[in-house]
Amino acid sequence: MSLTIGLTGGIASGKSTITRMMRELGIPVIDADQVAREVVEIGKEAYKNIIEVFGREILQENGEINRAKLGAIVFHDEEKRKKLNAIVHPAVRQHMLAKKEEYIHRGEKTIVLDIPLLFESGLTHFVDKIIVVYVDEHIQLERLMKRNGFSQDEALARIQAQMPLHEKVKKADAVIDNNGTIEETKQQLLQILTKWDVL
Ligand SMILES: CC(C)(COP(=O)(O)OP(=O)(O)OC[C@H]1O[C@@H](n2cnc3c(N)ncnc32)[C@H](O)[C@@H]1O)[C@@H](O)C(=O)NCCC(=O)NCCS
Ligand SMILES: Nc1ncnc2c1ncn2[C@@H]1O[C@H](COP(=O)(O)OP(=O)(O)OP(=O)(O)O)[C@@H](O)[C@H]1O
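Keep in mind the model is a prediction, meaning the values are calculated, not measured. (Residues numbered from 1 in each chain as written. Chains lettered and ligands numbered in written order. Predicted model: local features only at pLDDT ≥ 70, side-chain atom pairs only at ≥ 80, totals over all residues. Heavy atoms only, no water.)

Draft legend 1. Region of interest: the layout of surface pockets. A volume near 180 Å³ is recorded for the second largest pocket. Lining the second largest pocket, in full, are G10, Y134, V135, E137, Q140, I159, Q160, Q162, M163, P164, L165 and H166. Of all the secondary structure elements, the ones that give two or more residues to the lining of the second largest pocket are α6 (137-148), α7 (152-160) and α8 (165-170). Considering only residue class, the lining of the second largest pocket consists of six nonpolar, five polar and one charged. (1 Å grid on protein atoms, 1.4 Å probe; cavity = no way out; pocket = protein on both sides within 12 Å on 5 of 7 lines; lining within 4 Å. Points joined across faces, edges and corners; volume = space filled by probe spheres on them. Helix = DSSP H or I, 4+ residues; strand = E, 2+ residues; numbered from the N terminus. Nonpolar A, V, L, I, M, F, W, Y, C, P; charged D, E, K, R; others polar.)

Draft legend 2. Layout of empty space enclosed by the protein. Considering all chains together, one arrives at one cavity of 30 Å³ or more under this definition. Estimated volume of the largest cavity: approximately 40 Å³. The element contributing the most residues to the lining of the largest cavity is helix α5 (residues 78-105), with three residues. Tallied by class, the residues present in the lining of the largest cavity amount to six nonpolar, no polar and one charged.

Draft legend 3. Geometry of the site of ligand 2. Surveying the vicinity of ligand 2 reveals 15 residues, the closest of which are K15, S16, T17, R147 and N178. R147 is positioned such that a nitrogen or oxygen atom in its side chain is 2.8 Å from an oxygen atom of ligand 2. Within the complex, the protein chains bury 75% of what would otherwise be the 630 Å² of accessible surface of ligand 2. Put simply, the parts of the chain that give the shell around ligand 2 at least two residues each are α1 (15-24) and α6. Top contributing element to the shell around ligand 2 by residue count: α1, with three residues. (Near = heavy atom within 4 Å. Polar contact = N/O pair within 3.5 Å; in protein donor to acceptor, adjacent residues only side chain to side chain. Areas by Shrake-Rupley, 256 points an atom, 1.4 Å probe, with all protein chains shown as cover.)

Draft legend 4. Region of the structure containing the packing of aromatic side chains. Scanning the model with the defined rule gives zero aromatic pairs in all. When the ring centre of F150 is taken as origin, the NZ or CZ atom of R158, which lies over that ring, is 4.0 Å away. (Phe/Tyr/Trp six-rings, centres within 6.5 Å; stacked < 30°, edge-to-face > 60°. Lys NZ or Arg CZ within 6 Å of the ring centre and 35° of its normal.)

Draft legend 5. View of the UniProt feature "binding site: ATP" (unreviewed entry) in the protein chain. When the UniProt feature table is mapped onto this chain numbering, "binding site: ATP" (unreviewed entry) sits at A12, S13, G14, K15, S16 and T17. Its place among the elements puts S13 in the loop between β1 (3-9) and α1. Using a relative accessible area of 0% as the deciding quantity, one classes S13 as buried. Those residues in contact with S13 that lie beyond four places of it in its chain are V133, V135, L165 and N178. Within the structure, the side chain of S13 is placed 3.2 Å from the backbone oxygen of V133, a separation counted as a polar contact. Locating K15 in the fold gives a position in helix α1. At 2.7 Å, the side chain of K15 forms a polar contact with the backbone oxygen of G10. (UniProt positions renumbered as here; feature names shortened; annotations may be inferred. Buried < 20%, exposed > 50% of the residue type's maximum accessible area, 1.4 Å probe, protein only. Contact = heavy atoms within 4.5 Å.)

Draft legend 6. Broad picture of the site of ligand 1. Taken together, the neighbourhood of ligand 1 is formed by 17 residues, with D33, R67, N85, H89 and Q162 sitting nearest. The contact in question runs from an oxygen atom of ligand 1 to an N or O atom on the side chain of R67, over 2.8 Å. The separation between an oxygen atom of ligand 1 and a polar side-chain atom of Q162 is 2.8 Å. Here ligand 1, which alone exposes 760 Å², has 90% of that area covered by the protein. Counting residues per element, the shell around ligand 1 draws most heavily on α5, at five residues. For the shell around ligand 1, a count of residues per class yields nine nonpolar, four polar and four charged.

Draft legend 7. Summary view of unusual backbone geometry. In this structure, A12 takes a positive phi of about 60° despite not being glycine. On the accessibility criterion, A12 (14% relative accessible area) is buried. Unlike most non-glycine residues, D197 shows phi in positive territory, near 60°. Looking at where D197 falls in the secondary structure, it is placed in the segment after α9 (182-195). When its relative accessible area of 67% is taken as the criterion, D197 is described as exposed.

The following block contains the structure:
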């Protein structure tokens, strides 16, 4: 029997920080953001569909998608975001499930799916247990602006494109409060994994 853990939270709430710790513990992690990058590489089906909907203006000179430009469009326009999601999400779902099967086939006992939009996209039935990474909104905003060099407006647009974190907390099997230090976060993770017999 294998255990699939869904790790979610808000943008810049600390998911990558926690998956780094999980990988160090030897637990395989499948990262939805990473998969979402792979499925829109030049020539892939989602790449072609994105150009059909958004035009060649969203390409860089080398033909790759200009993510900053596409982000500036979709995080300020819900209809356009829905169109992008409808192109990218089915491919992401399919690739993540295939990767998960590969890990199970190799005999991995625990697999983590890092999916920022786990609840928004209704993917909860793909996982057995859910960890939500929580931070207060002012800390989330501060860390997001600092990490991506976004203005307050740009950062807020991204936060508001997602289900509020306090709603996600209600749906979690376990919550990690990432307002404190990295070490405090690690201790919470170790406690959860011990309780679930992963360690
Ligand atoms: C709009 C895009 C081009 C911006 O790219 P960029 O490199 O700036 O951001 P990146 O992909 O690293 O995403 C950063 C974070 O933004 C949030 N986010 C991304 N897409 C979305 C979305 N459609 N709705 C809400 N939040 C989103 C997530 O928390 C994610 O972790 C890109 O995010 C994208 O293609 N999004 C659509 C696919 C998607 O939903 N990906 C998220 C997980 S499947
Ligand atoms: N406990 C912490 N203390 C201070 N900084 C932190 C802490 N946790 C994370 N950070 C920083 O906050 C930023 C966001 O964290 P991280 O990249 O792990 O979030 P994320 O949820 O993976 O974000 P996204 O989904 O948007 O990629 C990073 O710059 C990270 O270094």
